[in-house]
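If you want the building blocks of each chain, they are given just below.
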Amino acid sequence: MQKHPGTTTRPWAALAALAAAQFTVMLATSIVNVALPQIRSGVGLSDGGTTWVVNAYGLAFGALLLAGGRAADLLGRRRVLLAGLGLFAAASLAAGLATTPAALIAARAAQGLGAAAIAPAALALTMDLFPAGPGRGRALGVWGAVSGAGGAAGVLLGGVLTQAWGWSWIFHAVAVGASVVLAAVAAFVPPAPAADGGRFDLPGTAAVTLALTALVWGLTSARRSGWTDARVLGAFALAAVLLAVFALVERRHPNPLLPPRLFTAGARVVAGNVLMALLGSVWIAVFFFLPLYQQQVLGSSPLITGLGQLPLAAANMLGSTLAPRISRRIGSTATVTTALLTEAGGLLWLARISAHGSYPADVLGPSLLIGLGLSIAFVQLTALSVEGVPRADAGLAGGLVNTTRQVGGAIGLAVLATLAGSVTADAATRQPHLEALTAGYRTAFGIAAAVLAATALLAPALVRRGGPRTGPSSVRDAQAHPGPPAPTTTAHHPLPIAPHTEK
């Protein structure tokens, strides 16, 4: 391996530590899902408060990713990663010890802040450790497989820990895991130099962070209060104003948070992020509606529902491992298109679910297709999003692609939940309750499949417009993705067919 900043004699041990850091982030995202009823009774949460146990983490995570990526570039990626892991572990411990709703929600927001530092810093360090070449391709497979397993492991582990020792142990387990990973990073990951020159764009960071916070809050609240609620409309208006302020700040700041070189040096950065936002708008249909169908229609327990996610996780890991090989054989553009169509096929299959169905007949097959397509597409699109980006901006590029994924997911969830809820409400006037619920779920899966199919058709045109590949930094060897996202909504959150129907 050629000499490279951050080179270590044990690169694969370092990769294991970095992948474990991302695994911990994804685990914390999904581990609360099956425990929410117990958490609610344990700390006296209201309907809205129960939802915010999930939303506080996702909101802080999504809104602060750009700031976390830029901080990693300027302050040192290993330093920011260690600080993020320390905050993450402390916040997890505080969540497990919380006795009031305010303390728990604040701790979850602090977890999101730590995660926003961990994800882009770990991605950039992985790029430092493995320059373009076969080694990065193999690292890509390991990273995607381990990270993708975090979501499913969280659902399963959450059910086991809650049933055995109580809800607080889901947070204690995450705190212990984050502490172990912190020690591994300190031992195996070498320091990487911070970027030379420049200073932190505080006005731009504040503007875009507040804008993303308002946008995601508005989308989250729209699922409960409706799209015409005054607070929801006010949040959207505030987000628009703040984004305009951010654009003005970026034009005048000598060291902008999103420098133009990020998009001009990496010819396909824009294409990768646009496609990632579209893909992110769809994946939530799986992790939100599929567990609901298993529990509310098929009657599965939370633990059985978690076990039912294992085939999807296995397919996810397999796809992440195979992605570099497939890309070498058929090219990156064809790989992205095929992966998107594969996932669309799985979602179209789910669009045929029945109120009298079963897991083997209605869920297993589609889960395998979705897991394969989702993992391969995420690996390739993230690689596309960082291709050609200067090393000094690697952390920011990782933060940007995670931000587009998070915001796309929030938009997709709000729209799909609204549409599915409308179908369910209409069907309930003519059909039994379970059949009405299933009709709503079918609608969500069908629309998600259509969006993915359209994205697959759009991908070749966007990638070609981005320009030809230059040099050895190919898509298949570019920076690894942190893995397909884990569920950010509760498996116990009922389909929002009307305001205030949450458990």
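The structure under discussion appears in the preceding block.
Everything numeric here is computed off the predicted structure, so don't read it as measured data.

A count of helices and strands for the chain gives 17 helices and 0 strands. Here the chain, with 503 residues, has 59% of them falling under the buried criterion. For the chain, contacts bridging at least 24 residues in sequence account for 87% of all contacts bridging at least 6. Carbon and sulfur atoms provide 68% of the accessible area of the chain, an area that totals close to 17800 Å².

Let's shift gears to the packing of helix 5 (residues 101–129) against helix 16 (residues 394–427). Two elements in contact, helix 5 and helix 16, have axes separated by 8 Å at closest approach and are oriented at 130°. On the basis of the axis angle, helix 5 is oblique to helix 16. Seen from above, helix 5 lies across helix 16 with right-handed handedness. Contacts between helix 5 and helix 16 pair Pro120, Leu123, Ala124 and Met127 from the former with Ala394, Gly395, Gly398, Gly399 and Asn402 from the latter. Its residues placed into classes, the contact of helix 5 with helix 16 shows 5 nonpolar, 4 polar and no charged.

Compared with an ideal rise of 1.5 Å per residue, which puts 23 residues at 33 Å, helix 9 (residues 230–252) spans 33 Å between its outermost C-alpha atoms and is within 8% of the ideal. The N-terminus of helix 9 is capped by Asp229, whose side-chain oxygen sits 3.0 Å from the backbone nitrogen of Arg231.

Let us look at the environment of Pro11. If you trace the backbone, Pro11 turns up in helix 1 (residues 11–30). The spatial distance from the C-alpha of Pro11 to the C-alpha of Ala139 is 9.7 Å, given a sequence separation of 128 residues.

Further remarks concern the nonpolar core. Ranked by size, the top nonpolar core spans 53 residues in total, and within it Ile39, Leu81 and Leu104 carry the most contacts. Secondary-structure elements contributing two or more residues to this core are helix 1, helix 2 (36–43), helix 3 (47–75), helix 4 (77–97), helix 5, helix 6 (134–165) and helix 7 (168–188). With 12 residues, the top contributor of residues to this core is helix 5. Those residues in contact with Leu81 that sit more than four places away from it in its chain are Leu18, Ala21, Ile118, Ala121, Ala122, Leu125 and Val185. Counting residues in each nonpolar core, the second largest holds 51 residues, with Ile284, Ala285, Val336 and Leu413 among its members.

Right, let's get into a nonpolar patch on the surface. A cluster of nonpolar side chains, contributed by Trp227, Ile411, Val415, Leu419, Ile447 and Val451, occupies part of the molecular surface with about 410 Å² of accessible area. At the level of elements, helix 16 and helix 17 (433–465) are the ones that each hand at least two residues to the nonpolar patch. In terms of residues, the nonpolar patch owes the most to one element, helix 16, which gives 3 residues. Note that Val451 resides in helix 17.

This part covers the layout of surface pockets. The probe, sized like a water molecule, is rolled over the atoms to show the empty space still left. For the largest pocket, the calculated volume is near 290 Å³. Surrounding the largest pocket, 18 residues form its lining, Leu258, Asn273, Leu400, Thr403 and Thr404 being those nearest its centre. Residue assignment for the lining of the largest pocket shows that the elements contributing at least two residues are helix 8 (202–225), helix 9, helix 11 (269–297) and helix 16. The element best represented in the lining of the largest pocket is helix 16, accounting for 6 residues. Partitioned by chemical class, the residues of the lining of the largest pocket number 14 nonpolar, 4 polar and no charged.

Time to look at the pattern of salt bridges. Counted by the stated rule, this structure contains 4 salt bridges. One salt bridge connects Arg77 with Asp73, and the closest N-O pair in it is separated by 2.8 Å. In this structure Asp73 comes out as buried when scored by relative accessible area, which is 1%. With a shortest N-O distance of 2.9 Å, Arg430 and Asp426 are connected by a salt bridge. Assessed through its relative accessible area of 44%, Asp426 is described here as partly exposed.

Here the focus is the packing of aromatic side chains. Evaluation of the coordinates by the stated rule reveals 6 aromatic pairs. Look at Phe289 and Phe445: their rings are 6.3 Å apart centre to centre, the planes differ by 75°, and that puts the pair in the edge-to-face class. One end of the pair, Phe289, is in helix 11; the other, Phe445, is in helix 17, with 156 residues separating them in the sequence. Overall, Phe289 belongs to the buried group, its relative accessible area being 0%. Phe445 sits in the buried class, given a relative accessible area of 0%. Through successive ring pairs, a cluster of aromatic residues spans Phe289, Tyr441 and Phe445.

Before going further, it helps to examine helix 13 (residues 310–330). Residues three or four positions apart in an α-helix share a direction because the helix packs 3.6 residues into each turn. For helix 13, spanning 21 residues, the distance from its first C-alpha to its last is 29 Å, which sits close to the expected 30 Å at 1.5 Å a residue. Maximum bend of helix 13: about 40°, positioned at Leu322, with proline Pro324 one to four residues after it. Where helix 13 is concerned, the buried positions are Leu312, Ala313, Ala315, Asn316, Gly319, Ser320, Ala323, Pro324 and Ser327. In the segment just after helix 13, Gly331 is the residue with positive phi, at about 95°.

Conventions we followed
- Residues numbered from 1 in each chain as written.
- Predicted model: local features only at pLDDT ≥ 70, side-chain atom pairs only at ≥ 80, totals over all residues.
- Heavy atoms only, no water.
- Helix = DSSP H or I, 4+ residues; strand = E, 2+ residues; numbered from the N terminus.
- Buried < 20%, exposed > 50% of the residue type's maximum accessible area, 1.4 Å probe, protein only.
- Contact = heavy atoms within 4.5 Å.
- Areas by Shrake-Rupley, 256 points an atom, 1.4 Å probe, with all protein chains shown as cover.
- Axes fitted to C-alpha atoms, helices over the stretch in contact; angles between N-to-C directions.
- Parallel < 35°, antiparallel > 145°, perpendicular 65-115°, else oblique.
- Left-handed = near helix turned anticlockwise from the far one by under 90°.
- Nonpolar A, V, L, I, M, F, W, Y, C, P; charged D, E, K, R; others polar.
- Expected span 1.5 Å × (residues − 1).
- Polar contact = N/O pair within 3.5 Å; in protein donor to acceptor, adjacent residues only side chain to side chain.
- Core = buried A, V, L, I, M, F, W, Y, C linked by side-chain atoms within 4.5 Å.
- Patch = residues over 30% accessible without salt bridge, like charges linked within 9 Å, V, L, I, M, F, W, Y side chains within 5 Å.
- Salt bridge = Lys/Arg side-chain N within 4 Å of Asp/Glu carboxyl O.
- 1 Å grid on protein atoms, 1.4 Å probe; cavity = no way out; pocket = protein on both sides within 12 Å on 5 of 7 lines; lining within 4 Å.
- Points joined across faces, edges and corners; volume = space filled by probe spheres on them.
- Phe/Tyr/Trp six-rings, centres within 6.5 Å; stacked < 30°, edge-to-face > 60°.
- Bend = angle between axes of the 7 residues up to and from the residue.

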